Structure formats: C-alpha cells, structure tokens
Amino acid sequence: MTPPTEPLLKVEHLVMKFGGLTAVAGLSFAAKAGHITALIGPNGAGKTTVFNCITGFYRPTSGRIALTAPDGLQSSTHLDLARMADFQIARRAKVARTFQNIRLFAGMTVLENLMVAQHAALMRASGFSLLGLIGAASYKATERAAVDRAVAWLDRIALTHRADDPAGALPYGDQRRLEIARCMCTQPRLLCLDEPAAGLNARESSDLNALLRDIRDQHGTAILLIEHDMSVVMEISDHVVVLDYGRRISDGTPAHVRADPNVIKAYLGQEHDELADTLNGGEAV
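Given the structure is predicted, the values throughout are model-derived calculations rather than measurements. (Residues numbered from 1 in each chain as written. Predicted model: local features only at pLDDT ≥ 70, side-chain atom pairs only at ≥ 80, totals over all residues. Heavy atoms only, no water.)

S.K.: When you look at the side chain of Ser237 in this model, what are you seeing that I'm missing?
M.R.: Topologically, Ser237 is positioned in the loop between α9 (230-236) and β9 (239-244). A distance of 2.7 Å separates a polar side-chain atom of Ser237 from the backbone oxygen of Val233. Not counting the four nearest positions on each side in its chain, Ser237 is found in contact with Ile36, Ala38, Leu225, Val232 and Pro254. (Helix = DSSP H or I, 4+ residues; strand = E, 2+ residues; numbered from the N terminus. Polar contact = N/O pair within 3.5 Å; in protein donor to acceptor, adjacent residues only side chain to side chain. Contact = heavy atoms within 4.5 Å.)

S.K.: What's the story with the sheet that holds strand β4 (residues 62-70) in this structure? I'm lost.
M.R.: Think of a sheet as strands paired side by side through backbone hydrogen bonds, with each pair either parallel or antiparallel. The 4 strands are arranged β2-β1-β4-β5 in an open sheet whose pairing can be described as antiparallel. The open sheet has two edge strands with one neighbour each: β2 (21-32) and β5 (76-80). On average, adjacent strands in this sheet sit at an angle of 20° to one another, irrespective of strand direction. Of the strand pairs in this sheet, β4 and β5 are connected by 5 bridges, and their pairing is antiparallel. Looking at the pairing, Thr68 lines up with His78 of β5. Relative to strand β1 (residues 7-18), helix α1 (residues 47-54) is tilted by about 115°, and along the sheet it contacts β1, β2 and β4. (Pairing = 2+ DSSP bridges. Axes fitted to C-alpha atoms, helices over the stretch in contact; angles between N-to-C directions.)

S.K.: Please clarify how the pattern of salt bridges should be interpreted in this entry.
M.R.: A pair can form between side chains of opposite charge whenever their charged atoms are brought close. One pass over the structure, following the stated rule, counts 12 salt bridges. Residues Asp148 and Arg144 are paired through a salt bridge, measuring 3.0 Å at the closest nitrogen-oxygen approach. Highlighted residues: Asp148 and Arg144, both in helix α6 (residues 137-156), separated by 4 residues, approximately one helical turn. Taking the relative accessible area as the measure of exposure, Asp148 reaches 41% and is therefore partly exposed. For Arg144, a relative accessible area of 47% translates into the label partly exposed. We note a salt bridge from Asp174 to Arg177, for which the minimum N-O separation is 3.0 Å. One end of the pair is Asp174 and the other is Arg177, both in helix α7 (residues 172-184) and 3 residues apart, which spans about a single turn. Judged by relative accessible area, Asp174 falls into the buried class, the value being 17%. In the salt-bridge network here, residues are joined through shared partners; they are Arg216, Asp217 and Asp238. (Salt bridge = Lys/Arg side-chain N within 4 Å of Asp/Glu carboxyl O. Buried < 20%, exposed > 50% of the residue type's maximum accessible area, 1.4 Å probe, protein only.)

S.K.: How should the pairing of strand β10 (residues 247-252) be read in this particular structure?
M.R.: The side chains of a regular strand alternate between the sheet's two faces. Sheet topology places β9 next to β10; 5 bridges connect them, and they run antiparallel. Note that in β10 the partner of Leu243 across the bridge is Arg248. The hairpin formed by β9 and β10 contains 2 residues between the paired strands, and Tyr245 there has a positive phi angle of roughly 50°.

S.K.: Explain the packing of aromatic side chains here, please?
M.R.: Ring pairs (aromatic) are described by centroid distance and by the angle formed between their planes. As enumerated under the stated definition, the model contains 2 aromatic pairs in all. Judged by centre distance (5.3 Å) and plane angle (75°), the ring pair of Phe18 and Tyr58 falls under edge-to-face. With Phe18 in strand β1 and Tyr58 in the loop between α1 and β4, this pair connects stretches of sequence that are 40 residues apart. For the pair Phe57 and Phe99, a centre-to-centre distance of 5.5 Å together with 90° between the ring planes defines the contact as edge-to-face. Here Phe99 lies in the loop between β6 (95-97) and α3 (110-116) and Phe57 lies in the loop between α1 and β4, a separation of 42 residues in the sequence. Phe57 gets classed as partly exposed once you look at its relative accessible area, which sits at 44%. (Phe/Tyr/Trp six-rings, centres within 6.5 Å; stacked < 30°, edge-to-face > 60°.)

S.K.: Explanation requested: unusual backbone geometry in the structure shown.
M.R.: Peptide bonds are trans in most cases, and residues, glycine excluded, mostly fall at negative phi. With phi around 55°, Gln187 is a residue other than glycine that occupies positive phi space. For Gln187, the location among the structural elements is in the loop between α7 and β7 (190-194). Looking at Gln187, the relative accessible area reads 45%, which means it is partly exposed. Even without being a glycine, Glu195 presents a positive backbone phi close to 55°. Within the secondary structure, Glu195 sits in the loop between β7 and α8 (202-219).

S.K.: Looking at this structure, how should I read the packing of α7 against α8?
M.R.: Two numbers describe a pair of packed helices, the interaxial angle and the distance between the axes. Look at α7 against α8: their axes get within 10 Å of each other, and the N-to-C directions meet at 15°. Between α7 and α8, the crossing angle belongs to the class labelled roughly parallel. Crossing geometry of α7 relative to α8 is assigned as right-handed. The segment α7 lies against α8, with Gly173, Arg177, Ile180 and Met184 engaging Glu204, Asp207, Leu208, Leu211, Leu212, Ile215 and His219. Here the contact of α7 with α8 is built from residues that sort into 6 nonpolar, 2 polar and 3 charged. (Parallel < 35°, antiparallel > 145°, perpendicular 65-115°, else oblique. Left-handed = near helix turned anticlockwise from the far one by under 90°. Nonpolar A, V, L, I, M, F, W, Y, C, P; charged D, E, K, R; others polar.)

S.K.: Please explain α7 as it appears in this structure.
M.R.: Quick reminder: α-helices carry 3.6 residues per turn. Residues three or four places apart thus point the same way. Over its 13 residues, α7 runs 19 Å from end to end, which matches the ideal 18 Å to within 8%, given 1.5 Å per residue. For α7, the tally of buried residues reaches 12 of 13 residues, placing the bulk of the element in the interior. Residues Gly173, Asp174, Gln175, Arg176, Arg177, Leu178, Glu179, Ile180, Ala181, Arg182, Cys183 and Met184 constitute the buried set of α7. (Expected span 1.5 Å × (residues − 1).)

Structure representation (structure tokens):
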C-alpha cells in the first residue's frame, strides 16, 4: 500500500477546454491512500469534468494526473492517467468509478452484478475459455475466489438475502450501495464516486456514510467523492477541495473549508449565516 504520507493521486495544472470554453483551469490537488477526499463546488464548477479526466473519459488539454502504483515489493511507479486509455486506467491503475445515474445491469441478479465486475480476471484465468471449459484447477480457484469476494460484499451491504433477485428490483438506496460494492469487487486503489448520496433519505445516507468509512478504514482505499449533500461531505471527509469556475478556491479539512470566505462567496452569493447552515449540513447545495 502507498505510504499515507505520499499522495496516491496528484492532479497537477489540469486544464480541460471544450472549444472556447475552459471547464477546468489549471487545477492542482492531491488525494491520499486511506483518505476520503471530497470535490465540491457550485453547479458548473467543473467537478464531473475532473472525474472524467481522471478516469479516461476525457483526454485533458494539458496537465498531469499521476497515480502511484506498486512496482515490485519495495518500489512504486507513477502512472500518468492523462496519457492512458480508459480501460488501462481501470485495469492497470485500478481506478473504479460510479456515475450520477445508477448503471447497474438491471436484468442481472444482484450476485451476477458483482461477478461481472470480475469478468476480466476470470477470463484471464480461463485462458479465454479453454481452461474454463476443461475445468482447470487454476480457473476453479479463481472462480471460487471471485464468488467469495462477491458474497463478502453482499454481506457487507446487507443484501445477501436478495442475491438472486434482479438488481433493478432493489430499492434505490440498495442499488446505490450495490453499485459501490460492484466497484470494490475490482479491488481498486482509487474509488471515484459521483454524487453517491443523490436521492437518498436520511437513513440511506447514514448507511452510505458507514459503508464509505468501512472502505476507507478496512481496505485502505482512497475515495474521491463529488457530493452536493454537505451533511455527507462534512461528516466523512478527511480532505475537501472546493472548485469554482474550474479553479481551486479552497483546499483543506472540512473545518477549514467551512470557514473560508472564498467558499462562502462562491456559493450563489449567499450571506455568511445562511451558507454556514448549508455547509454544516442543514441542506444540500
């Protein structure tokens, strides 16, 4: 695992332009392994664009996105995600993400959704079908490990009893947690979550907070979070980065960001007392 003193992810001078529009303007920040880093800001601040650059959906106009990955027992290497294809970012850099809209395979069962996340490893173990067809011991061991991992995550999100139900039949909050568990079945170093609390009620948000803390504390996974629900952000984040018009305007602990005049000014011109309530979790922004 990357030492906690060294950032797992470094975004350096990131620029993303769409024609004459600059969506991200020279952004730099870092995220540590075993930390939850929240990326917040008013609508249109460039948060999802940053995610799309990190995960390979967009190729940045300029800048560097470096992820530290193990390279043998005693050393590590820095992968520049800005120059890698999206499938390489997922497979080699081990970056996983969710989207604002749930993207489960609704017609597959809950268990099958967790198994399909491990498809690449299973295909390699099967020799791209031949070893699987003849029932090779190496393939059977990989398959058993994949099932065990899927079942362990079903237990963690309390959905074991729904394992054989279609994923699309689950309540909304359960689908959100299943989507995160599916990402975790890929054993990511960096988990990118795009508004995971969107549409959740108070109980579901509490369950989400517990799940994300568990992923941080028990697995050491770095979590990069876009979220408008400040009750989630301020409760679970170790580090908060605030964007406005594609630029970083604040960077620090939740307490630091909550008191920063630049943040207060950026949020729709709200008065100090009104915004303080919002940043303390009184309402979503």
